[in-house]
Every structure is written in structure tokens, then in C-alpha cells.
Amino acid sequence: MTRVTSREFNQDVSAAKRAAAQGPVVVTDRGEPAFVLLNIDDYRRLAENDMDEFLARFRMDDNDDIEFAPANLEMRIPEF
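Residues numbered from 1 in each chain as written. Predicted model: local features only at pLDDT ≥ 70, side-chain atom pairs only at ≥ 80, totals over all residues. Heavy atoms only, no water.

Visitor: For this particular structure, what's the right way to read the pairing of strand β3 (residues 32–37)?
Guide: In regular strands, side chains alternate between the two faces of the sheet. Within β3, only zero of the six residues are buried, which leaves it mostly out in the open. Sheet topology note: the strand β2 (residues 25–29)/β3 ladder contains five bridges and is antiparallel. Looking at the pairing, V27 lines up with F35 of β3. Linkage of β2 to β3, two consecutive antiparallel strands, is achieved through a turn of two residues, within which R30 is found at a positive phi near 55°. (Buried < 20%, exposed > 50% of the residue type's maximum accessible area, 1.4 Å probe, protein only. Helix = DSSP H or I, 4+ residues; strand = E, 2+ residues; numbered from the N terminus. Pairing = 2+ DSSP bridges.)

Visitor: Teacher, can you tell me more about the pairing of β2 here?
Guide: Most of β2 is tucked away, with four of its five residues classed as buried. Sheet topology note: the strand β1 (residues 2–5)/β2 ladder contains four bridges and is parallel. Paired with T2 across the strands is V25, a residue of β2.

Visitor: I'm lost on unusual backbone geometry in this one. Help?
Guide: Outside of glycine, negative phi angles account for most residues, and trans bonds account for most peptide bonds. Not every positive phi belongs to a glycine, and R30 is a case in point at roughly 55°. Tracing the backbone shows R30 in the loop between β2 and β3. Of the residues examined, R30 reaches a relative accessible area of 79% and is grouped as exposed.

Visitor: I keep staring at the sheet that holds β3 and nothing clicks. Help me out?
Guide: In a beta sheet, neighbouring strands are held together by backbone hydrogen bonds and run either parallel or antiparallel to one another. Judged by pairing direction, the sheet is mixed, and its three strands sit side by side in the order β1-β2-β3 without closing on themselves. At either margin of the open sheet sits one strand with a lone partner, and together these are β1 and β3. Taken pair by pair, the neighbouring strands of this sheet meet at an average axis angle of 35°, ignoring direction. (Axes fitted to C-alpha atoms, helices over the stretch in contact; angles between N-to-C directions.)

Here you go:
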């Protein structure tokens, strides 16, 4: 996966497009991922097939109940 800054992307869009032919290109804004550039085949695969199946796993009917028991986590502060 290629990573470019917003500035690099704006200065050479063609290079980002060439990199996207090999795999996703993450465009960062102030050091944080902001956008992903994909080739059309990868986008279609995600949008049409895998994404629907992925999201379907998280959908639930209004009548579904979920049991939730949070773990008891103790915060430990190291002593110096």
C-alpha cells in the first residue's frame, strides 16, 4: 500500500494514479489517513460484493437482542 501526503497527491496526481494500479493509495492530511485511491476493479469488488456481505454481518432486526457483559478492567498506573 502506498502512502502520500495531500501535498504530494496535488503535485503529482498522475503518480498517485499509477501507484493505485498496483494497490490502494492512502492520502494523508496532517499525517492522518484521509482518503484512499483505488483502481476501479478494486472499488467495484468492494462496493458490489464484499462490502454488502461484510455489512450484512452487522445488520440486525429491531427485535434482535444482544447480551452484553463488559469486562472488568482495572487501570494500573506504573509506580516510579
